[in-house]
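# Fold and geometry: a report
Listed below are the residues making up each chain.
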Amino acid sequence: MSHNGRPAVFGAGAAAIGYPALAVAWLANKLRSFGIPLRAGDYCDLWHVGG
């Protein structure tokens, strides 16, 4: 994941395996830390994770 064109988050794709809602919750919290809210209707692709 990048922020303002710079790498911001690194992680293994295997970390998202398990209960998908946990991956979405992590993403929402990480985006919020950058001041970017995850809003209702936003698309979240759990099959393609950076790493």
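Below is a summary of the structure that appears in this document. Everything numeric in this text was worked out from a predicted model, so none of it was measured.

## Quick notes on the overall build of the protein chain
- In terms of helices and strands, the protein chain carries 1 helix and 2 strands.
- Walking the protein chain from its N terminus toward its C terminus, one meets helices and strands in the order β-β-α.
- Within the protein chain, buried positions represent 8% of all 51 residues.
- Summed over its atoms, the accessible surface of the protein chain is roughly 4,300 Å², and 60% of this surface lies on carbon and sulfur atoms.

## So, helix 1 (residues 20-33)
- Helix length check: helix 1 (14 residues) gives 20 Å between terminal C-alpha atoms against 20 Å at 1.5 Å per residue, within 8%.
- At the C-terminal side of helix 1, G35 shows a positive phi close to 80°.

## Observations regarding the environment of L27
- Tracing the backbone through its elements, the reader meets L27 in helix 1.
- Distance from L27 to P37, taken between C-alpha atoms, is 9.9 Å for residues 10 residues apart in sequence.

How each quantity is defined
- Residues numbered from 1 in each chain as written.
- Predicted model: local features only at pLDDT ≥ 70, side-chain atom pairs only at ≥ 80, totals over all residues.
- Heavy atoms only, no water.
- Helix = DSSP H or I, 4+ residues; strand = E, 2+ residues; numbered from the N terminus.
- Buried < 20%, exposed > 50% of the residue type's maximum accessible area, 1.4 Å probe, protein only.
- Areas by Shrake-Rupley, 256 points an atom, 1.4 Å probe, with all protein chains shown as cover.
- Expected span 1.5 Å × (residues − 1).

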